[in-house]
Amino acid sequence: MKITAIRTVRLPPQPAIGADHPDARRPSWLADGPVANPMTGYPRYAAYRPSWTPTWPMFGCLVEVEDGTVGFAVGQHGRPVAAVIEDFLGPRLIGEDALATERCYDMAVRMCAPFGAAGLASYAISAIDLALWDLKGKVLGQPVYAVLGGPTRDELECYATGGDPDWYAELGFRGVKLPCRYGPADGLDGIRKNVAQVAEARAHVGDDIEIMLDCWMAFDVDYTVRLAEALRPYRVRWLEECLPSADLLSHAELRRRLPWQPLATGEHWFGVAPFQYAVANRLVDILQPDISWVGGITPLKRICAIAEAAGVAVMPHAPGNTAYGQHACLGIVGIGWTEFFVGSPPGVALAEAARAPGVPTPVDGRITPSAAPGFGVEINATELPAFLS
Ligand SMILES: [Mg+2]
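Given the structure is predicted, the values throughout are model-derived calculations rather than measurements.

For helix H3 (residues 101–111), every residue scored as buried is listed here: Thr 101, Cys 104, Tyr 105 and Ala 108. End-on view of H3: buried residues confined to an arc of 100°, all on one side of the axis. Looking at the buried residues of H3, the elements they touch are strand S1 (3–10), helix H2 (78–93), helix H4 (120–140) and helix H11 (297–310).

Enumeration according to the criterion identifies 12 aromatic pairs in this entry. With a centroid separation of 5.2 Å and an interplanar angle of 35°, the aromatic rings of Phe 59 and Phe 387 are classed as tilted. Taken together, the positions of Phe 59 in strand S2 (residues 59–65) and Phe 387 in the segment after strand S12 (366–367) put the pair 328 residues apart, joining distant regions of the chain. Given a relative accessible area of 0%, Phe 59 falls into the buried group. Looking at Phe 387, the relative accessible area reads 5%, which means it is buried. Seen from their ring centres, Tyr 159 and Trp 337 are 5.1 Å apart, and the 45° between their planes marks the pair as tilted. Pair noted here: Tyr 159 is in strand S4 (residues 156–161) and Trp 337 is in the loop between helix H12 (323–331) and strand S11 (338–341), with a separation of 178 residues, a long-range link. Each member of the pair Tyr 159 and Trp 337 is classed as buried. Among the aromatic side chains, those forming a connected cluster through ring pairs are Tyr 123, Phe 270 and Trp 293. The ring of Trp 216 has Arg 49 sitting right over it, with the charged end atom 4.5 Å from the ring centre. Between Lys 136 and the ring centre of Trp 133, over which it is positioned, the NZ or CZ distance is 4.6 Å.

Next up on the list: the pattern of salt bridges. Two side chains bearing opposite charge may form a pair once their charged atoms approach each other closely. Tallied over the entire structure, the rule returns 21 salt bridges. Here Arg 26 makes a salt bridge to Asp 164, at a shortest N to O gap of 3.0 Å. Of this pair, Arg 26 sits in the loop between S1 and helix H1 (43–46) while Asp 164 sits in the loop between S4 and helix H6 (165–171), placing them 138 residues apart in sequence. A relative accessible area of 32% places Arg 26 in the partly exposed class. Asp 189 serves as the salt-bridge partner of Lys 193, at 3.0 Å between the closest nitrogen and oxygen. Placement of both Lys 193 and Asp 189 in helix H7 (residues 187–205) is noted, with a separation of four residues, approximately one turn of the helix. With a relative accessible area of 37%, Asp 189 lands in the partly exposed category.

Where H7 meets helix H8 (residues 221–231), the closest approach of the two axes is 10 Å, and the angle between their N-to-C directions is 40°. Taken together, the axes of H7 and H8 lie oblique to each other. Helix-helix and strand crossings are classified by hand; for H7 and H8 the assignment is right-handed. Each of Leu 188, Gly 190, Ile 191, Asn 194, Val 195 and Val 198 in H7 lies in contact with H8, whose residues at this interface are Tyr 223, Arg 226, Leu 227, Ala 230 and Leu 231. Tallied by class, residues from the contact of H7 with H8 come to eight nonpolar, two polar and one charged.

Ile 85, Leu 89, Leu 213, Phe 219, Leu 227, Leu 239 and Leu 287 are the most contacted members of the largest nonpolar core, which has 108 residues in total. Considering each element in turn, this core owes the most residues, 11 residues, to H4. Among residues more than four places away in sequence, those in contact with Leu 239 are Leu 213, Cys 215, Thr 224, Ala 228, Leu 231, Gln 261, Pro 262, Leu 263 and Ala 264. Counting seven residues, the second largest nonpolar core, distinct from the first, contains Met 212, Ala 264, Met 315 and Trp 337.

Right, let's get into the UniProt feature "domain: Mandelate racemase/muconate lactonizing enzyme C-terminal" (unreviewed entry) in the chain. UniProt records the feature "domain: Mandelate racemase/muconate lactonizing enzyme C-terminal" (unreviewed entry) for residues 165–261 in the present numbering. The straight-line gap between the two end C-alpha atoms of residues 165–261 is 22 Å; of that span, 48% is helix and 15% is strand.

It is worth spelling out the coordination of the magnesium ion at this point. The magnesium ion binds to the protein through Asp 214 (OD), Glu 240 (OE) and Glu 267 (OE); the donor distances cover 2.0 to 2.4 Å. For the magnesium ion, the donor residues sit on a single chain with the sequence spacing D-x25-E-x26-E. Residue Asp 214 is found in strand S6 (residues 210–214), and its partner Glu 267 is found in the loop between strand S8 (263–265) and helix H10 (273–280); the two are separated by 53 residues along the sequence. Taken as a pair, Asp 214 and Glu 267 share a single burial class, namely buried.

On the surface, Met 1, Leu 99, Val 139 and Leu 140 cluster together to form a nonpolar patch covering roughly 290 Å² of accessible area. Mapping Met 1 onto the fold places it in the segment before S1. Here Met 1 falls in the partly exposed class, since its relative accessible area comes to 35%.

What follows deals with the side chain of His 21. Relative to the assigned elements, His 21 resides in the loop between S1 and H1. Reaching out from His 21, the side chain makes a polar contact with the side chain of Glu 352 at a distance of 2.7 Å. In this structure, His 21 is in contact with Val 348 and Glu 352, ignoring residues within four places of it in sequence.

A few words now on the side chain of Asp 164. By relative accessible area, which is 4% here, Asp 164 ends up buried. In terms of polar contacts, Asp 164 uses its side chain to reach the side chain of Arg 26, at 3.0 Å. Ignoring any residue separated from it by four or fewer positions in sequence, one finds Asp 164 in contact with Arg 26, Ser 28, Trp 29 and Pro 346.

As a further point, take the sheet that holds S2. Spatial ordering of the open sheet is given by S1-S2-S3, a layout of three strands whose pairing is antiparallel. On the outer flanks of this sheet lie S1 and strand S3 (70–75), each paired with one strand and no other. The sheet shows a mean angle of 20° between the axes of neighbouring strands, taken without regard to direction. The sheet contact formed by S2 and S3 spans six bridges and is antiparallel.

About the cut-offs
Residues numbered from 1 in each chain as written. Predicted model: local features only at pLDDT ≥ 70, side-chain atom pairs only at ≥ 80, totals over all residues. Heavy atoms only, no water. Buried < 20%, exposed > 50% of the residue type's maximum accessible area, 1.4 Å probe, protein only. Helix = DSSP H or I, 4+ residues; strand = E, 2+ residues; numbered from the N terminus. Arc of directions from axis to C-beta. Contact = heavy atoms within 4.5 Å. Phe/Tyr/Trp six-rings, centres within 6.5 Å; stacked < 30°, edge-to-face > 60°. Lys NZ or Arg CZ within 6 Å of the ring centre and 35° of its normal. Salt bridge = Lys/Arg side-chain N within 4 Å of Asp/Glu carboxyl O. Axes fitted to C-alpha atoms, helices over the stretch in contact; angles between N-to-C directions. Parallel < 35°, antiparallel > 145°, perpendicular 65-115°, else oblique. Left-handed = near helix turned anticlockwise from the far one by under 90°. Nonpolar A, V, L, I, M, F, W, Y, C, P; charged D, E, K, R; others polar. Core = buried A, V, L, I, M, F, W, Y, C linked by side-chain atoms within 4.5 Å. UniProt positions renumbered as here; feature names shortened; annotations may be inferred. Donors = N, O, S within 2.8 Å, 3.2 Å for Na, K, Ca; no water. Patch = residues over 30% accessible without salt bridge, like charges linked within 9 Å, V, L, I, M, F, W, Y side chains within 5 Å. Areas by Shrake-Rupley, 256 points an atom, 1.4 Å probe, with all protein chains shown as cover. Polar contact = N/O pair within 3.5 Å; in protein donor to acceptor, adjacent residues only side chain to side chain. Pairing = 2+ DSSP bridges.

So this is what it looks like as structure tokens:
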């Protein structure tokens, strides 16, 4: 079944749900306030993370084959990633067997070698790989998790990520991951405020709900050690992404200095190699590849195999929010807890806030993925306008 076209389309606009929603009890944590990040040392951008993070929109990636079947996936980081698909990878993969996902992924990674298969190119590789898996499921008449060899369990147990832990506990999640607010530039006062945030969350959710802390590449080794020691009474399940993702030497040093604290990272690692290195050197306890960033389902399977054989956990980045992540979690052995990111205001039902057709949202902290063929995303993608013009 040969690929006849790979193209990108514009997605329908999705208005954000804000504090003016009738069910909203207060604004979401995302609406304002600091989140520690790599730029918090620069006062111009320190106060609010969206003041500098990319605003390229999401788009749709379509793969079409001879009999008219279409595979669809959502791509991220807009124009530059769509250009890699439309101008470069797409034309070079036309004519290949669409069901040969291993071959297509390998070709895409190798062809990106001259400019690097990591970073933005990895988002393009991911969109094509996921569209091919959607197509494979549709051709076989099976949900992707079944094509992968699943289901490996009945449902997905989720934890919630965001700054409103009281709301997540009320919704039935058994774990909450807080965005850490302050970093090294905020000094001792920042450490005190970070500890106060975790202490307040622990007081809200009690002892039967796990608490994690997401540090989004904001720290260095010394700051991470100091904060971890200050947080020890609050039993943080893991500290996440404390360091710049490419600084592997610092990851090794942090592991050496914090042997007692579970560590997680990987959402900003691309391809298989960084995960293999992390497993081989025992850099962290939990790997967190993002299915839509790392290269798709195909490299995720390899990462899970490497990790499982070495007894290292894999808990992907925000898989609960996408059909791709949900099917991967249900279809691959060794993937643990499923993260679900919540950016909507407390009080607004998750199903209303998500509004992705065919993609279920957690009920009492659990998700049962769609059993429709492919990823089950209900969108008539072929009628959408071209993304690049
Ligand atoms: Mg994270």
